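Next come the chains, spelled out residue by residue.
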Amino acid sequence: MISLRVRIAAVGLALVAGLCAAPVTAATATKAGPAPAPAPPPTVEEQRLDQPVPQEILRRSGFDAVPAGFRRALSDARSYAQARRVVVRQGTALWRRAVDRAQGRGPAGGDLSRDDDRPLYWARLGMTRQVRTWQPPFALSEGQRAALLDELERTSRGATDLGRPRAPRAPRLVLLTGFDPFTLDRDIRISNPSGAAALALDGTVIRTPRGPARVETVVFPVRWADFARGTVERTLRPYLPAAALFTTVSQGRVGRFDVERTNGAWRGGFPDNDRVSSTGTVPVTDPASQPQWTTTTLPYGDIVTAGTGRFPVFDHTEVTEIPAGGTAPVVRPDGPTPGSTARAGSGGDYLSNEIAYRATLLRDRLGLHDVLPGGHVHTPVLEFGPGNTDPATGTVTDPGFVRNRLDIIAQVRAILTVAVTAAAR
């Protein structure tokens, strides 16, 4: 009898041990909670990161350690809340580090010119790729992963760093937006002077007859989907009522600045940084009240007549429209005619036109058209120096390239100063 009891007990222990060691099945996983969503693959934009040029830019700026450091911090997270804190902290730190580098604070980290916007762009992609492909030790839903990516995008672009003056004597707020590099399949070395200007001007002060004005900046992605999700409106809406002036900035035509007079409600379909095309009416909330055109309220007369730098500045009025009752697009050098349908604003039909359209439409929907100067400025195309124009054989930088970018940044600063001063009168 004793021997039988011993054998029964041994069998029972073996069964218990077997159950404890059994693999988790779908049934047991359901009881423990939802299975983690599989990590999506890197985006087209993120995949470019492995090419030699991005790696050289990161190495020569000291930003090459950013993605690895972020990966280590993220790997220590044991919950969604911890992961979110890591993302917010390190995304914010990346933006501030890029601003500090551009404005001469702290170590340069390498021999790449401090005015370069590209280290921020490629380091951010290294971080977003980590979040996108991360397999955490806890269940992470698709929605939670998307929320982490959104937090990383916003914090590392300056969108959560915008300041609103609150005290009666606080400097007036001036908002300026820039863009990431784009057309990277044409030349992966490309820099965007609008993004470089945003880094150089963030937090700086402009003196005007009505007192100081503080410039706050943000850099937007070159992706149709982000704009359709309302990233422009979400970022700017809290601050426009308190602003003294805003200007969206992007890279435009060769050898000239343009103050774009009219913005059109049309997407022309040119591929974005993820090689996605989009053609049709700009998607906004309340499309029933959506106008075909919006206009600048920047003091363009003052801007184009002021001596702001070596590049000429134009009041650009040309648009492409389908006239009322017509079917074919027509180019109008002096702006749209009544009742026409937009096919290109003064700034074209890409995301530079769209950010101008969205920002000025938001201004108008907030009832600020007559009191808030705002619109779009196109910078000259940032060109490499002589002998360095071939993407296949050229270097990532050269003295002419740096000089051109510094001149454009300085002229953006001068244009903004003219605009703020004129608006203060």
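As shown above, the structure is provided for reference.
The rules we used
Residues numbered from 1 in each chain as written. Predicted model: local features only at pLDDT ≥ 70, side-chain atom pairs only at ≥ 80, totals over all residues. Heavy atoms only, no water. Helix = DSSP H or I, 4+ residues; strand = E, 2+ residues; numbered from the N terminus. Buried < 20%, exposed > 50% of the residue type's maximum accessible area, 1.4 Å probe, protein only. Pairing = 2+ DSSP bridges. Axes fitted to C-alpha atoms, helices over the stretch in contact; angles between N-to-C directions. Salt bridge = Lys/Arg side-chain N within 4 Å of Asp/Glu carboxyl O. Parallel < 35°, antiparallel > 145°, perpendicular 65-115°, else oblique. Left-handed = near helix turned anticlockwise from the far one by under 90°. Contact = heavy atoms within 4.5 Å. Nonpolar A, V, L, I, M, F, W, Y, C, P; charged D, E, K, R; others polar. Expected span 1.5 Å × (residues − 1). 1 Å grid on protein atoms, 1.4 Å probe; cavity = no way out; pocket = protein on both sides within 12 Å on 5 of 7 lines; lining within 4 Å. Points joined across faces, edges and corners; volume = space filled by probe spheres on them. Core = buried A, V, L, I, M, F, W, Y, C linked by side-chain atoms within 4.5 Å. Phe/Tyr/Trp six-rings, centres within 6.5 Å; stacked < 30°, edge-to-face > 60°.

Enquirer: How would you explain the side chain of aspartate 226 if you had to name every residue and give the values?
Expert: Note on placement: aspartate 226 falls in helix α10 (residues 224–228). Residue aspartate 226 is classed as buried on the basis of its relative accessible area, which comes to 12%.

Enquirer: Give a description of the sheet that holds strand β10 (residues 313–316) that names residues and reports values.
Expert: Across the sheet, 7 strands lie side by side as β2-β3-β1-β4-β14-β5-β10; this open sheet has mixed pairing. Of all the strands in the sheet, just β2 (205–208) and β10 have a single pairing partner and so form its edges. Ignoring strand direction, the axes of neighbouring strands in this sheet form an average angle of 25°. Where β2 meets strand β3 (residues 211–220), 4 bridges bridge the pair, whose relative direction is antiparallel. If you follow isoleucine 206 over to β3, its bridge partner there is alanine 213.

Enquirer: How would you sum up the pattern of salt bridges? Please name residues and give values.
Expert: A full pass over the atoms with the stated rule returns 33 salt bridges. Between arginine 229 and aspartate 226 there is a salt bridge; the shortest N-O distance is 3.5 Å. Judged by relative accessible area, arginine 229 falls into the exposed class, the value being 62%. The closest approach of N and O atoms between glutamate 354 and arginine 267, which form a salt bridge, is 2.8 Å. One end of the pair, glutamate 354, is in helix α13 (residues 351–365); the other, arginine 267, is in strand β7 (residues 266–268), with 87 residues separating them in the sequence. On the accessibility criterion, glutamate 354 (1% relative accessible area) is buried.

Enquirer: Quick one: what's the story with the sheet that holds strand β12 (residues 330–332), residue by residue and with numbers?
Expert: If you walk across this open sheet you meet the 3 strands as β12-β11-β13, and the pairing is antiparallel. At either margin of the open sheet sits one strand with a lone partner, and together these are β12 and β13 (341–344). If you compare each strand with its neighbour and ignore which way they point, the axes differ by 40° on average. Sheet topology places strand β11 (residues 319–322) next to β13; 3 bridges connect them, and they run antiparallel.

Enquirer: I'd like a rundown of the packing of helix α6 (residues 80–102) against helix α8 (residues 142–156), residues and numbers included.
Expert: Where α6 meets α8, the closest approach of the two axes is 7 Å, and the angle between their N-to-C directions is 20°. In terms of their interaxial angle, α6 and α8 are classed as roughly parallel. As α6 packs across α8, the resulting crossing turns out to be right-handed. Here Tyr80, Ala83, Arg84, Val87, Val88, Gly91, Thr92, Leu94 and Trp95 of α6 lie close against α8, whose contacting residues are Gln144, Ala147, Leu148, Glu151, Leu152, Thr155 and Ser156. Split into classes, the residues belonging to the contact of α6 with α8 amount to 9 nonpolar, 5 polar and 2 charged.

Enquirer: I'd like a rundown of α8, residues and numbers included.
Expert: End to end, α8 covers 21 Å across 15 residues, agreeing with the expected 21 Å (1.5 Å per residue, within 8%). Turning to α8, its buried residues number three or more, namely Arg145, Leu148, Leu149, Glu151, Leu152, Glu153, Arg154, Thr155 and Ser156. Where the residues of α8 are buried, they touch α5 (65–75), α6, α7 (118–133) and α11 (231–236). Positive backbone phi, at 90°, marks glycine 158, one or two positions downstream of α8.

Enquirer: How would you summarise empty space enclosed by the protein if you had to cite specific residues and measurements?
Expert: Taken as a whole and judged by the stated rule, the model has 3 cavities of 30 Å³ or more. Considering only enclosed or pocket space, the largest cavity measures out at about 70 Å³ in volume. For the largest cavity, the full set of lining residues is Leu176, Thr247, Val249, Leu298, Ile303, Val377, Val412, Ile415, Leu416 and Ala419. Within the residue set of the lining of the largest cavity, elements represented by two or more residues are β4 (243–251) and α14 (399–424). For the lining of the largest cavity, the leading source of residues is α14, giving 4 residues. By residue class, the composition of the lining of the largest cavity is 9 nonpolar, 1 polar and no charged. Taken as a whole, the second largest cavity spans an internal volume of roughly 50 Å³. The wall of the second largest cavity is formed by Asp117, Leu120, Tyr121, Arg124, Phe179, Asp180, Pro181, Gly195, Leu199 and Val219. Breaking the lining of the second largest cavity down by element, the ones donating at least two residues are α7 and α9 (193–201). In terms of residues, the lining of the second largest cavity owes the most to one element, α7, which gives 3 residues. A breakdown of the residues in the lining of the second largest cavity according to their chemical character gives 6 nonpolar, 1 polar and 3 charged.

Enquirer: Go over the nonpolar core with me, naming the residues and quoting the values.
Expert: If you look at the biggest cluster of nonpolar residues, it comprises 67 residues, and the most contacted ones within it are Trp122 and Leu416. Of all hydrophobic cores here, the second largest spans 24 residues; its members include Ala159, Trp224, Val232 and Tyr350.

Enquirer: Let's hear about the packing of aromatic side chains: which residues, and what values?
Expert: Ring pairs (aromatic) are described by centroid distance and by the angle formed between their planes. If you walk through the whole model with that rule in mind, you get 9 aromatic pairs. Ring geometry for phenylalanine 182 against tyrosine 350: centres 6.0 Å apart, planes inclined by 40°, an arrangement best described as tilted. Here the residue phenylalanine 182 occupies a position in the loop between β1 (172–179) and α9, and tyrosine 350 occupies one in the loop between β13 and α13, the gap between them amounting to 168 residues. Taken individually, phenylalanine 182 and tyrosine 350 each receive the classification buried, so the pair is uniform in this respect. The interplanar angle of 5° and the centroid separation of 4.1 Å between the aromatic rings of phenylalanine 384 and phenylalanine 401 together place this pair among those described as stacked. Placement of phenylalanine 384 in the loop between β14 (374–379) and α14 and of phenylalanine 401 in helix α14 is noted, with a sequence separation of 17 residues between them. We classify phenylalanine 384 as buried; its relative accessible area is 13%. Accessibility expressed as a relative area gives 1% for phenylalanine 401, which makes it buried.

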